[in-house]
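Descriptive structure summary
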Amino acid sequence: MTIHLDDHRLDPPVLLAPMAGITDLPFRRMVARFGAGLVVSEMVASGEMLTAKPSVRAKARSELGLDLPSSVQLAGREARPMAEAAKMVADMGARIIDINMGCPAKKVTGGASGAALMRDPDHALRLIEAVTAAVDVPVTLKMRLGWDDESRNAADLARRAEGAGVRMIVVHGRTRMQFYQGQADWSAIREVVEAVSVPVVANGDITDAASARAALAASGAAGVMVGRGAQGAPWVLAEIGHALHGGPAPRIPRGNELSDLISEHYEAMLRFYGGDVGLRLARKHLGWYADRLGAPLRAEMMVAQSPEAVLALIRAAFGERAAA
Ligand SMILES: Cc1cc2nc3c(=O)[nH]c(=O)nc-3n(C[C@H](O)[C@H](O)[C@H](O)COP(=O)(O)O)c2cc1C
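Since we're looking at a predicted model, the values are computed, not measured.

A few words now on the UniProt feature "binding site: FMN" (unreviewed entry) in the protein chain. When the UniProt feature table is mapped to this numbering, "binding site: FMN" (unreviewed entry) covers Pro18, Met19, Ala20, Gln73, Lys142, His172, Gly227 and Arg228. Mapped onto the secondary structure, Lys142 falls in strand β7 (residues 139–144). Ignoring sequence-local partners within four residues, the contact set of Lys142 consists of Asp98, Asn100, Met101, Gly102 and Val170. Its location among the elements puts Arg228 in the loop between β10 (223–226) and α10 (236–245). Here Arg228 falls in the partly exposed class, since 15 other C-beta atoms lie within 10 Å of it.

Shown next as structure tokens:
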């Protein structure tokens, strides 16, 4: 099954979730080269986008260097700045724009954006309409089941969003008040699938082929979106695409090929952010790779102070001898 958004084919329908501080351009490129139907940027605050801060603009960059659609996610609470920011990111090359109505963080919901928009559907609709009217690229929406158990309004909001021109809806199977607790309720996503005719994508706790298959069966969704499951395993989306949709099997690197890949990711982060910031931000990815792959020297990688020292540790931890 393939999801079509205008000329874009999201094939396989296995999508990388937006994650603030994680799905930056270097990580999206890493996931994209193994294979995914779509990769989504971390959220970009619309207000900050309009101030033209270089670090915010960098989040909205989407040139993957591959023939794969890249989506930029915007967060905000007011229609006009959201529409203006949407125009800016489309001009920068975003091929799809996603609206964040799922983020539970107090910093975000306190500003009445993210999942807080689900508490005020009339206002949310005005914001969606402003964005769809402002750009020619497809606009998608990411939401939760609702604010809390008493107000599970995802299906109703999805129906209205479709009417306002939204082309695909991703639903994280938790309410905002659940934050990340418990288990995502994939069967609750079915109500949204049945409410709209645009593709609905299931999200939450999907980490491998088995959970992806279970999420699709429970929800009836057209595809899955994977977030935390891709940390330290940028090949996981391609593995799911292969198992469920017959896409090409990813070649998961081992030994020196693995240490080359991780070094490449590391150096891409240094180039993207500049030395000091890159060195610091790359640590969490190195930690995830080490955790996933059971590699040694994790603690040393976390405190190493120079790129040369980190690269030597990557070779020692993940390379041929380490694998032997
Ligand atoms: C560290 C972190 C950052 C996130 N940032 C965003 C974000 O910027 N925008 C968004 O819509 N969701 C964000 N999310 C939510 C994820 O997109 C996803 O909905 C959630 O993690 C559930 O999927 P998963 O179980 O596959 O991780 C974030 C989640 C995490 C863990």
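Further remarks concern the pairing of strand β9 (residues 200–203). Burial of the side chains of β9 extends over both faces: Val200 and Ala202 are buried on one face and Val201 and Asn203 on the other. Both strand β8 (residues 168–172) and β9 contribute to a ladder of four bridges, which runs parallel. In the strand pairing of β9, Val171 is matched with Ala202. One crossover worth recording links β8 to the parallel β9 by way of helix α8 (residues 190–195), and it is right-handed. Where β9 and β10 come together, three bridges link them in parallel fashion. From the neighbouring strand, Val201 faces β10, where its bridge partner is Gly223. Handedness of the crossover joining β9 and β10 through helix α9 (residues 209–219): right-handed.

Calculation criteria
Residues numbered from 1 in each chain as written. Predicted model: local features only at pLDDT ≥ 70, side-chain atom pairs only at ≥ 80, totals over all residues. UniProt positions renumbered as here; feature names shortened; annotations may be inferred. Helix = DSSP H or I, 4+ residues; strand = E, 2+ residues; numbered from the N terminus. Contact = placed C-beta atoms within 7 Å. Buried ≥ 20, exposed ≤ 12 C-beta atoms within 10 Å, placed from the backbone. Pairing = 2+ DSSP bridges. Right-handed = clockwise from strand over helix to strand, strands pointing away.

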